[in-house]
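The chain contents come next:
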Amino acid sequence: MLRLEPDEMASRVAQDIPDGAYVNLGIGMPTSVANYVSDDREVIYHSENGILGVGPAPKPGEEDPDLINAGKQFVTLLPGGCYFDNAESFAMMRGGHLDIAVLGAFQVSAGGDIANWATNDDRFPPAVGGAMDLAVGARQLFVLMRHTTRDNQPKILERCSYPLTGTGVVKRIYTDLAVIDVTPEGLRVRELYADNTLSEVQALTGAPLLAPES
Amino acid sequence: MLRLEPDEMASRVAQDIPDGAYVNLGIGMPTSVANYVSDDREVIYHSENGILGVGPAPKPGEEDPDLINAGKQFVTLLPGGCYFDNAESFAMMRGGHLDIAVLGAFQVSAGGDIANWATNDDRFPPAVGGAMDLAVGARQLFVLMRHTTRDNQPKILERCSYPLTGTGVVKRIYTDLAVIDVTPEGLRVRELYADNTLSEVQALTGAPLLAPES
Amino acid sequence: MINKQWDSLKSAVADIRDGDVVMIGGFGSSGIPLQLIEALRQHGARELTIISNNAGVREEGIAALLRDRLVRKMVCSFPRSAGSVWFERLYEEGAIELELVPQGTLGERIRAAGAGLGGFYTPTGYGTQLAEGKETRVIDGKGYVLEFAMPADVALIRADKADLWGNLTYNTAGRNFNPLMAMAARTTIVEVASVVGVGELDPEHIVTPGIFVNRVVLQEDRQHAAA
Amino acid sequence: MINKQWDSLKSAVADIRDGDVVMIGGFGSSGIPLQLIEALRQHGARELTIISNNAGVREEGIAALLRDRLVRKMVCSFPRSAGSVWFERLYEEGAIELELVPQGTLGERIRAAGAGLGGFYTPTGYGTQLAEGKETRVIDGKGYVLEFAMPADVALIRADKADLWGNLTYNTAGRNFNPLMAMAARTTIVEVASVVGVGELDPEHIVTPGIFVNRVVLQEDRQHAAA
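Numbering of residues begins from 1 in every chain and follows the order in which that chain's sequence is written. Following the order in which they are written, the chains are lettered starting with A and the ligands numbered starting with 1. Restriction of local features to residues with pLDDT of at least 70 applies here, the model being predicted, together with a cutoff of 80 or more for giving and counting side-chain atom pairs; totals for whole chains, interfaces and linings are based on all residues. Hydrogens and water are ignored here; the side-chain numbers use all heavy atoms of the structure.

Q: How do you make sense of the interface of chain A and chain D when you look at a structure like this?
A: Where interface size is given, it is often the accessible area lost as the parts come together that is meant. Facing the 34 residues of chain A at the interface are 44 residues of chain D. Values labelled buried area give the accessible surface lost by two parts on being combined, using a 1.4 Å probe and summing over both. Summed over both partners, the interface of chain A with chain D comes to about 3,200 Å²; 60% of that surface belongs to carbon and sulfur atoms. Broken down residue by residue, the surface that chain A buries against chain D is led by A:Asp66, A:Asn86 and A:Pro125, which jointly contribute 21%. For salt bridges, the criterion is a side-chain nitrogen of Lys or Arg within 4 Å of an Asp or Glu carboxyl oxygen. Here chain A and chain D share two salt bridges between them. A salt bridge links D:Arg158 to A:Asp66, with the shortest nitrogen-to-oxygen separation between them at 2.6 Å. Side-chain atoms alone can form a polar contact between residues adjacent in sequence; in general such a contact is a pair of N or O atoms within 3.5 Å, and within protein one must be able to donate a hydrogen while the other accepts it. In this assembly, chain A and chain D are joined by 16 residue pairs in polar contact (both at pLDDT 80 or more). Going through the elements one at a time, helix H2 (86–94) and helix H3 (131–137) of chain A are the ones with two or more residues in the side of chain A that touches chain D. Note on contacts: a residue pair qualifies if any of its non-hydrogen atoms lie within 4.5 Å across the two residues. The numbering of helices and of strands both runs from the N terminus, where a helix is a DSSP run of H or I of at least 4 residues and a strand a run of E of at least 2.

As structure tokens, then:
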């Protein structure tokens, strides 16, 4: 069975980012999606800390100490970009102005619930950041995650066991095995990579999968 | 009995505007208060349409069509002034950031209610503008009005008969006869003009007046 | 390449439909999209709900929409100004519905829609006629009125400069409701005095980020001036 | 003449009291008033409630307040970052209270306090653990959580330039929570990289109007640079 590498997963998401889209990429693997959006597409990246038009990392020595992204990495601003405060930034997120948000997740449910901010391990203090605002607000919420945990347990489930970030909000799931749409009828496979079969992927999934529409 | 002229009334209010104050002057007679604030005081005037640091009228021919005050008159901006949108402007008003607002009124009650936006005449469509936001938000709300109606009926009453703008918000009333504080104990005369006596002023007032504190 | 500029006022408003809720920026004569309003009048959509601070004076702006009887309902804070004869006439005839909203509440309801909030508690209007029939609540000893978000189908706004991404700056006090309405409508259409290239506006000085703007149209006299 | 400039960080924070609620601007390392925080640490007020997006890393900023055990409670969205060792240690010890607030709700609660609103309905967190025990409401078919305004005694913020009236501009993404916190505290204290004369900031480019600012202090290294 083919399992995509992280860069291949990011590249697959990048194919579905349309020209002219306003996009928020979550911390971690989603951030790398930008590296694979082809140059003929003008995509405007949003960062929750108050940037539209996020550009690539600056050259060493040219960092602006205030110009970071949500992951606290130094970035640059593209021509046409701008700055704003937290209230305006989250108005963009919560108010449905972003076309697409791409988030990582611990778990996604068949109904489109997402859990990505806390495990049930209470040794560590919790932290939520902007995840819940993104989850409720983006017009389309894409999840980018491995299909299973390290010990091969499914991360796509009937119901999430971890604390929820948002309910009924996920539109599409990109994993290392497949692309899956969350639909009113249930989880519908949109694409299987290489020769992966529905039954192979189903075996690693904790909720029923519908076959791709022909 | 001495009745101040409108310019004298405005001048009397101006004496109580301290140096460095942020002040909103309502439409009509209150607007003229600015003409009497002495030059040794730096007062920053707010206009609800989105200006701090409102300056005097422009010279003829130098009007900026977008630069008007709440009364729709052309104004200028003082050095140090700035512009902002309606939400930020009313955040200043409602959020308690203005030191003083001076409003005209049809009626004021003994408990500090103010009625200044509508009469009970329903031939005309109602209009409220920013009056209710100013009434609830300014740290100190001063009312500047004639003591009585044209036919000598009191405008200071036990209860307002006109629709209210705000309840329990007026701090001080400047009329053509006296200056009156709204206190928890009731209306207390702060100042009687010239030889006006308490009983003369009381006769034209629809609520009990307390004598000035000695 | 992203280019939000439309070539005419007429085409920019052509899909506004009968019954639409239309926000119109401006305060008195300041920051009003007069050319977009005139294009909407010529377009002729009817039964409109107009959300705007004022209701126009003489035959100008919103007053012309009223005169042509294109408006079913006005939502505003100050419909009655010197010269607002068309609003007064229709109101007297019972030919128009009015929802009177305190000015700060009007702006905040628009902002709430743009910011994805359902509603908010404001002290404005508490204990007055304008709170009658509304839910109230005492929070920390102070009375508040519950007000709900107010979205729109279309916002017609005016700015000073735009770039091709729809980033906007304004002239002096011309902001008023314009930046808020830009956030709150499904389709935001802006008329501007000039259009500049992407990157020509200082990113620190942009007031309305282009994400809130769908269509940019140059004012017609400016088009002539540039031609 | 209005002059909000104070001559030292020390004097600007000297009246912060034990038990005060203190907002601190910044997001990660961006737009943090590090010098004001250090002045507060030296001042030594205890039992503070700190409202800030993060909880500091290593021994810097808020982490140093935690290390000195000056903080009773943190209100923030993301207290756990790489290197937030002091927060983690106190949390594990049970020596600090945490109120975890989604980031957009944190900003909006601060703004509500500054704007005189009592509270608002947000969709963020609806159906999650962070809404447990909170009032919810369905508006037009969508679920919302009721959140209340969050004011403070003091806000410590950072800006780029200030004039003597307290008007502020910021550097790039250094705005984040700073303009909101400026509105929400009884006393707002700002550290800046430069102070200019009244009228030297373009009125179109001022981000925080001086009405929201009480005290301006020049950063100490900037004071030396100017001397």
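Q: What is the right way to look at the state of the cysteines in this model?
A: Two cysteines form a disulfide when their sulfur atoms are joined by a covalent bond. Here, a disulfide means two cysteine sulfur atoms that sit within 2.5 Å of each other. Counting across every chain of the model gives zero disulfides over all chains. Here A:Cys82 is not disulfide-linked; the sulfur of B:Cys82 is the nearest cysteine sulfur, at 20 Å. On the accessibility criterion, A:Cys82 (1% relative accessible area) is buried. When accessible area is computed with a 1.4 Å probe and restricted to protein chains, residues below 20% of their type maximum are described as buried, those above 50% as exposed, and intermediate ones as partly exposed.

Q: How do you make sense of the interface of chain A and chain C when you look at a structure like this?
A: Each partner contributes residues to the interface: chain A has 21 residues there, and chain C has 22 residues. Buried area between chain A and chain C, summed over both chains or domains, comes out near 1,800 Å², and the portion from carbon and sulfur atoms is 64%. Contact with chain C buries area across many residues of chain A, yet A:Glu42, A:Gly80 and A:His97 alone supply 28% of it, more than any other trio. Taken together, the links from chain A to chain C amount to zero salt bridges. Between the two partners, chain A and chain C, sit seven residue pairs in polar contact (both at pLDDT 80 or more).

Q: Help me out: how do you make sense of empty space enclosed by the protein in this one?
A: If you roll a probe as big as a water molecule over the atoms, it shows you where there is empty space left. In this analysis a 1.4 Å probe is tested at points of a 1 Å grid over the protein atoms alone, and where it fits but cannot get out there is a cavity; an open set with protein on both sides within 12 Å along at least five of seven lines is a pocket; lining residues have an atom within 4 Å of a point. Grid points are joined across faces, edges and corners, and a volume is the space filled by probe spheres set on the points. Scanning all chains against the criterion turns up five cavities of 30 Å³ or more. Of the volumes computed, that of the largest cavity is approximately 670 Å³. Around the largest cavity, the lining comprises 35 residues; the ones closest to its centre are A:Asp85, A:Glu88, B:Asp85, B:Glu88 and D:Val207. At the level of secondary structure, the elements contributing two or more residues to the lining of the largest cavity comprise H2 of chain A, helix H2 (86–94) of chain B, helix H6 (178–184) of chain C together with helix H6 (178–184) of chain D. Each residue receives one of three labels: charged for Asp, Glu, Lys and Arg, nonpolar for Ala, Val, Leu, Ile, Met, Phe, Trp, Tyr, Cys and Pro, and polar for the others, Gly being one of them. Classifying every residue of the lining of the largest cavity gives 21 nonpolar, four polar and ten charged. Size it by volume and the second largest cavity reaches roughly 60 Å³. Every element with two or more residues in the lining of the second largest cavity is listed here: helix H5 (103–115) of chain C together with helix H5 (103–114) of chain D. Residue composition of the lining of the second largest cavity, by class: six nonpolar, no polar and four charged.

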